[in-house]
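# Fold and contact review
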Amino acid sequence: MNQKLKRIKQIFVALILIATVEGFSSCEKDSYPPPAVDPNQTWHFQADIQLIFINSKCVTCHNGVTQFPDLRSGKSYASLSSGGYITPPGETSILYHQITTNSAHIPRTTDAQKLEIRYWINQGAHNN
Ligand code: HEC
């Protein structure tokens, strides 16, 4: 009888261990999706970057009236370049710095969008 109880206990402990390991590994898969952004792909201002300013609703505040830079379509490139916001390298540019370090700005863009902006600046920040 005692032996049987011991065996059941062993099986129980083994099951808990398996569940714990499974739990950890599935968590890992969920919390670290590799950002699918290719630094060697050509990133375009109009098709990629301006779209982020629109979709992330940057333009609700950066509308040419209140906050500088003006991020509205047709205005943003001139505003960003004349204001010195997109001077390469991307890593140290004011625009990238702002969206990655200012707590009010961080949640507005995804990790992938942040990287697109960084790579576009590294590629020369052209009005392409
Ligand atoms: C809710 C309003 C609001 C939204 C939305 C917003 N910003 Fe801002 N932004 C501000 C304010 C206010 C400042 C200036 C004060 C500060 O640094 O917090 C600022 C500052 C900045 C600056 C630095 C300006 C300078 O002169 O140093 C950049 C660059 C910027 N924002 C980019 C963005 C981008 C890109 C987005 C969209 C992903 C965005 N902002 C969305 C309010 C906003």
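Above this text sits the structure in question.
Bear in mind that the values here come from a model prediction, so they are computed numbers and not experimental data. (Residues numbered from 1 in each chain as written. Predicted model: local features only at pLDDT ≥ 70, side-chain atom pairs only at ≥ 80, totals over all residues. Heavy atoms only, no water.)

Attention now moves to the coordination of the iron atom of the ligand. Looking at the iron atom of the ligand, the protein donor atoms are H62 (NE2) and H105 (NE2), and they sit 1.9 to 2.0 Å from it. Coordination geometry of the iron atom of the ligand: the 6 donor atoms subtend angles of 83 to 180° at the metal centre, consistent with an arrangement described as octahedral. Here H105 lies in the loop between α4 (94-101) and α5 (111-122) and H62 lies in the loop between α2 (45-55) and α3 (76-82), a separation of 43 residues in the sequence. You can call H105 partly exposed: its relative accessible area is 23%. (Donors = N, O, S within 2.8 Å, 3.2 Å for Na, K, Ca; no water. Tetrahedral: all angles 85-135°; square planar, octahedral: opposite > 155°, others 65-115°. Helix = DSSP H or I, 4+ residues; strand = E, 2+ residues; numbered from the N terminus. Buried < 20%, exposed > 50% of the residue type's maximum accessible area, 1.4 Å probe, protein only.)

For the structure shown, the criterion picks out 2 salt bridges. When the shortest N-O distance is used, the salt bridge between R118 and E91 registers 2.9 Å. In this pair, R118 sits in helix α5 while E91 sits in the loop between α3 and α4, placing the two residues 27 residues apart along the sequence. Judged by its relative accessible area of 22%, R118 is partly exposed. Residue class for E91 comes out partly exposed when judged on its relative accessible area of 34%. (Salt bridge = Lys/Arg side-chain N within 4 Å of Asp/Glu carboxyl O.)

Turning our eyes to something else, we now look at the layout of surface pockets. A volume near 340 Å³ is recorded for the largest pocket. Every residue lining the largest pocket is counted, 21 residues in all, and those nearest its centre are H62, L71, Q98, I99 and H105. Of all the secondary-structure elements, those providing two or more residues to the lining of the largest pocket are α2 and α4. Among the residues making up the lining of the largest pocket, the classes are represented as 13 nonpolar, 6 polar and 2 charged. (1 Å grid on protein atoms, 1.4 Å probe; cavity = no way out; pocket = protein on both sides within 12 Å on 5 of 7 lines; lining within 4 Å. Points joined across faces, edges and corners; volume = space filled by probe spheres on them. Nonpolar A, V, L, I, M, F, W, Y, C, P; charged D, E, K, R; others polar.)

Attention now goes to the site of the ligand. Within the structure, the ligand sits among 19 residues, and C58, C61, H62, Y85 and H105 are positioned closest to it. In this structure, a nitrogen atom belonging to the ligand sits 2.6 Å away from a side-chain N or O atom of H105. Applying the majority rule of atoms within 2 Å of the grid points places the ligand in the largest pocket. By residue number, the principal contributor to the shell around the ligand is α4, which donates 3 residues. Residue composition of the shell around the ligand, grouped by class: 9 nonpolar, 8 polar and 2 charged. (Near = heavy atom within 4 Å. Polar contact = N/O pair within 3.5 Å; in protein donor to acceptor, adjacent residues only side chain to side chain. Sits in = over half its atoms within 2 Å of the grid points.)

This part covers the nonpolar core. Formed by 19 residues in total, the largest nonpolar core has its most connected members in F53, L80, I86, L95, I117, W120 and I121. Put simply, the parts of the chain that give this core at least two residues each are α2, α4 and α5. Looking at this core element by element, the count peaks at 5 residues for α5. Discounting chain neighbours no more than four positions away, the residues touching I121 are I86, T87, P88, P89, G90, S93 and L95. (Core = buried A, V, L, I, M, F, W, Y, C linked by side-chain atoms within 4.5 Å. Contact = heavy atoms within 4.5 Å.)

A complete count under the given rule lists 5 aromatic pairs for this structure. Measuring from ring centre to ring centre gives 6.0 Å for F68 and Y85, while their planes differ by 50°; the resulting arrangement is tilted. With F68 in the loop between α2 and α3 and Y85 in the loop between α3 and α4, this pair connects stretches of sequence that are 17 residues apart. The exposure class assigned to Y85 is buried, which follows from its relative accessible area of 17%. With a centroid separation of 6.4 Å and an interplanar angle of 75°, the aromatic rings of Y77 and W120 are classed as edge-to-face. With a gap of 43 residues between them, Y77 in helix α3 and W120 in helix α5 connect regions that are remote in the sequence. Y77 sits in the partly exposed class, given a relative accessible area of 21%. The buried category is assigned to W120, whose relative accessible area is 1%. Joined through ring pairs, the aromatic side chains of F45, F53, Y77 and W120 make up one cluster. (Phe/Tyr/Trp six-rings, centres within 6.5 Å; stacked < 30°, edge-to-face > 60°.)

By themselves, these figures tell us nothing about what the structure is for.
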